[in-house]
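Structure assessment
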Amino acid sequence: MVQPNPPVLEVSGLSMHFTSGRGKKKTTLKAVDQVSFSIGHAETFGLVGESGCGKTTCGRTIIRLYNPTAGKIMVKGRDLSGKLNKEERRFLTDNVAMIFQDPIESLNPRMTIEEIVGEGLTVKGKMNRAEVRRRVYETLDKVGLTQEHATRYPHEFSGGQRQRVGIARALINQPSLIIADEPVSALDVSIQAQVINLLNDLKRDLGLSILFIAHDLSVVKYFSDKIGVMYFGKMVELAEGEELYKNPMHPYTRSLLSAVPRPNPLTERFRVRVNYDPEAEHDYTSEQPRMAQLSPGHFVWCSPSEQQRYESMMRQ
Amino acid sequence: MREQETILSVENLRVSFRAYGGTVRAVRGVSFDLKRGETVAIVGESGSGKSVCTKAIMGILPHNAAIDEGSIRYDGMDLTKIDEKEFHKIRGRRIGLIFQDPLSALNPIMKIGNQITEVLRKQKHISKAEAKKQAIELMEAVGIRDAARRFGQYPFQFSGGMRQRIVIAIALASSPEILICDEPTTALDVTIQAKILDLINSIKKERNLSIIFITHDLGIVAKMADRINVMYAGKIVESGTAEEVFLEPAHPYTWALLSSIPDMESKERLLAIPGTPPNMVVPIQGDAFAPRNPYALKIDYEMEPPCFKLTETHSASTWLLHPSAPKMEMPQVLRERIERMKKERSAYGTT
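Because the structure is a prediction, the values reported are computed rather than measured.

Right, let's talk about the overall build of chain B for a bit. From N to C terminus, chain B includes 12 helices and 12 strands. The C-alpha atoms of chain B give 21 Å as radius of gyration, which agrees with the globular expectation for 351 residues (20 Å, within 12%). Taking all 351 residues of chain B together, 54% fall into the buried category. Taking contacts inside chain B between residues at least 6 apart in sequence as the whole, the part at least 24 apart equals 65%. Summing over all exposed atoms, chain B offers an accessible surface of approximately 16,100 Å²; the carbon and sulfur share of this is 52%. When the 47 positive and 43 negative side-chain charges of chain B are each reduced to one mean point, those points stand 6 Å apart.

Below you can see the structure in the form of structure tokens.
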């Protein structure tokens, strides 16, 4: 089934379980469990949650650094789950690229910037060196670096510039989707804004879709069209950014929002924090929770009775 | 605000490092006071010298560092002059320190309980049983449930937030007067961070502690600080009460800092600070922020700005405040944001 205008990325029921031990000691860690969402053209989807909630695993599973346990990954309407053949993998890497958190660790110190950025083209072997070089220069220009930078090595750059190199490397194949895994959290405050602005410009100019993974809620809110909140491998709430901040429904989302310190001394000292205790909050012994739509575009992981409660809360 | 007694006073502190390639002037003339029962926040980017300041106060500067000038007055002593033996009576006992990374601050092969009682026994000369009793009380005070059982566990058996609580318990074991928190929550998740910050605040109230809080997160500053010192390139560029710095910022760097982070409402393009912080090996001429400052005047590149006093508590080092300087307004985005802050307060007043 091919839709006329399929979303750039559609994930449904994605699960990534890690197992360890054997026999009786075998344990399963549900790092990502039944996560579904979709990203449209030129849309930014923010994924937030605490460390260990599975947001990074989610991103890495989509680009197939892991083989998902279950679920479907559709890129531009094409099913890319299960075992990939060479052609499918090529399609995936052509369309999806990744930016990593740590701009120092993720760049090979023994390669020049030209080699790092151009590697994505070189491995395909379809272009000669002059062409690759031309594309590298073009891409460097897009991210605010110059031709002179191409012959240098990563250690000669500052943190913000290194992250620009990382972005250039992701852009060289002209992907439709970029998975940005905490792209600014390792950077200084004054540099963060530069990188966020750059990503925003690229999104506008190139029509990029971005899966933005971060733990800083104010950055995610600023940057994303839609936001998904993850908690222990599950997507507990999904809504448009504005809606999520105005009407957080799931108790975990509320707790998360209340914990973010806001730069306003007039109110910050008096703000009350909401605690989230999943065991006290939910009773899933009789009813099974599932993803339910409360209002158009606003989904919450809840049981039917909770859904009624949330809906009545929403109407107020 | 009632007049409180000043217990620590840093004056014109200058610290430099001898490094490969030259002398790094990390702290270039920092002065501030710490009053009893108040939290002073030092805000700045990495490399602005904020951690070096606290290391100088604690007397734990690395060997290649030297205090070139200035004094740190505490209880009639100058901490820059006293020797190591005397420092032993102060460090950890009267001035406590909480580090950024709780895992590397704890001994991995020593039980948690022993790490706390070690401090208690060394400093208070009490019996083992008594020390254990006090240690468990301390662990309960910092919010560790089931303290008696966890007393015998090792650091790896604790989560990040719990480890930071233990570090706080150890810091509190000797009942210090001053607590220095060097980015205590950067390694933690927001929900855990909120709990630790609340804990620090409640302990502060309980014990009338004075806190020096180092961070780069303005949200945390707003939550914790009574007074704020904004540092850039080894100097305090603006200092004032939390309200003054957030609502009437005067230094262009503070403007830039406040408007470069998105808040929950912002949609407009962020005002990024162009360029990168200066290289501290090269001697800085004039105002260190000038090359990145869209409001820079010609004099900013030539002469270091003096400190202008705006109110009794609020001061800033920028030529913009000079009577003959052209009138500059803060960026529109920031003014709107401050308006929002005030509105938010009135919303809180009614509910």
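Further remarks concern the domain arrangement of chain A. Residues and elements named next belong to chain A. Domain annotation of chain A identifies domain 1 (9-232) and domain 2 (248-276 + 285-316). Taking only C-alpha atoms, the centre of domain 1 and the centre of domain 2 are 29 Å apart. Counting from both sides, the interface comprises seven residues of domain 1 and, opposite them, seven residues of domain 2. Of the roughly 630 Å² buried between domain 1 and domain 2, counting both surfaces, carbon and sulfur atoms make up 79%. Counting the surface domain 1 buries against domain 2, the share from its top three residues, Leu 217, Val 229 and Tyr 231, is 67%. Remark: the boundary between domain 1 and domain 2 carries zero salt bridges. Across the domain 1-domain 2 interface, the total number found is one residue pair in polar contact (both at pLDDT 80 or more). For the side of domain 1 that touches domain 2, the element with the most residues is strand β9 (residues 226-231), which contributes three residues.

On to the pattern of salt bridges. Two side chains bearing opposite charge may form a pair once their charged atoms approach each other closely. All names here are of chain B. Enumeration according to the criterion identifies 30 salt bridges over all chains in this entry. Close ionic contact of Asp 198 with Lys 223 constitutes a salt bridge, the shortest N to O distance being 3.2 Å. In this pair, Asp 198 is assigned in helix α8 (residues 190-207) and Lys 223 in helix α9 (residues 218-224), connecting sequence segments 25 residues apart. We classify Asp 198 as partly exposed; its relative accessible area is 28%. Judged by its relative accessible area of 11%, Lys 223 falls in the buried class.

Next up on the list: the sheet that holds strand β4 (residues 70-75) of chain A. All names here are of chain A. The four strands are arranged β2-β1-β4-β5 in an open sheet whose pairing can be described as antiparallel. Strands with a single pairing partner mark the edges of an open sheet, and in this sheet they are β2 (27-39) and β5 (78-79). As paired strands, strand β1 (residues 9-20) and β2 are joined by nine bridges and run antiparallel to one another. Bridged to Met 16 within β2 is Val 32. Against the sheet, helix α1 (residues 55-62) contacts β1, β2 and β4, and its axis sits at roughly 110° relative to β1.

For B:Gly152, the position within the fold is in the loop between α6 (147-150) and α7 (160-173). In this structure, the C-alpha to C-alpha distance between B:Gly152 and B:Val230, residues 78 residues apart in sequence, is 42 Å.

If you add up the space inside the second largest pocket, you get close to 890 Å³. Considering the residues around the second largest pocket, the lining is formed by 28 residues, among which A:Tyr276, B:Arg145, B:Met162, B:Ile192 and B:Lys195 are closest to the centre. Mapped by element, the contributors of at least two residues to the lining of the second largest pocket are α9 (251-259) of chain A together with α7 and α8 of chain B. Looking at the lining of the second largest pocket, the element that brings in the most residues is α7(B), giving four residues. For the lining of the second largest pocket, the class distribution of residues is 12 nonpolar, eight polar and eight charged.

Take the packing of helix α5 (residues 159-171) of chain A against helix α6 (residues 189-206) of chain A next. All names here are of chain A. Contact geometry for α5 and α6: axes closest at 10 Å, N-to-C directions at 20°. With respect to α6, the axis of α5 lies roughly parallel. Regarding α5 and α6, the two cross each other, and that crossing is right-handed. Where α5 abuts α6, its residues Gly 160, Gln 163, Arg 164, Ile 167 and Leu 171 lie against Ile 191, Gln 194, Val 195, Leu 198, Leu 199, Leu 202 and Leu 206.

Cut-off values and rules
In this numbering scheme, every chain counts its residues from 1 along its sequence in written order. Both sets of labels track the order of writing: A upward for chains, 1 upward for ligands. Totals for whole chains, interfaces and linings use all residues, but because this is a predicted model, local features are given only for residues with pLDDT of at least 70 and pairs of side-chain atoms are given and counted only at 80 or more. Computation of side-chain values covers all heavy atoms of the structure but excludes hydrogens and water. What counts as a helix is a DSSP run of H or I of at least four residues, what counts as a strand is a run of E of at least two, and both are numbered from the N terminus. Using C-alpha atoms as the atom set, the radius of gyration is obtained and then compared with a globule rule of 2.2 Å times the number of residues to the power 0.38. Burial here depends on accessible area, computed with a 1.4 Å probe over protein chains only, as a share of the maximum for the residue type. Under 20% is buried, over 50% is exposed, and the range in between is partly exposed. Contact between two residues is taken to exist if any of their heavy atoms lie within 4.5 Å; hydrogens are not considered. Each accessible area is a Shrake-Rupley result for a 1.4 Å probe, and residues are judged covered by the shown protein chains and nothing else. Counted as positive: Lys and Arg. Counted as negative: Asp and Glu, with His and the chain ends omitted from the count. By convention, the charge on Lys lies at NZ, on Arg at CZ, on Asp at CG and on Glu at CD. A domain assignment, automatic or from a database, supplies the domain bounds used here. Summed over both partners, buried area is the accessible surface (1.4 Å probe) that two parts give up on being assembled. Counted as salt bridges are all cases of a side-chain nitrogen of Lys or Arg within 4 Å of a carboxyl oxygen of Asp or Glu. Polar contact is the term for a pair of N or O atoms within 3.5 Å; when the atoms are in protein, one must be able to donate a hydrogen and the other to accept it, and sequence-neighboring residues count only if both atoms are side-chain atoms. By the convention used here, strands pair only if DSSP detects at least 2 bridges between them. Angles shown run from 0 to 180 degrees and are taken between the N-to-C directions of axes, each axis being a line fitted to C-alpha atoms and, for helices, limited to the stretch in contact. Only protein atoms enter the 1 Å grid used here. Points where a 1.4 Å probe fits but cannot escape make up a cavity, open sets with protein on both sides within 12 Å along at least five of seven lines make up a pocket, and a residue lines them when an atom lies within 4 Å of a point. Grid points are joined across faces, edges and corners, and a volume is the space filled by probe spheres set on the points. Residue polarity is assigned by list, with Asp, Glu, Lys and Arg as charged and Ala, Val, Leu, Ile, Met, Phe, Trp, Tyr, Cys and Pro as nonpolar; anything else, Gly included, falls into the polar class. For classification purposes, angles smaller than 35 degrees are called roughly parallel, those larger than 145 roughly antiparallel, those between 65 and 115 roughly perpendicular, and all remaining angles oblique. If you view the pair so one helix is near and one far, a crossing is left-handed when the near helix is turned anticlockwise from the far one by less than a right angle, and right-handed when it is turned clockwise.

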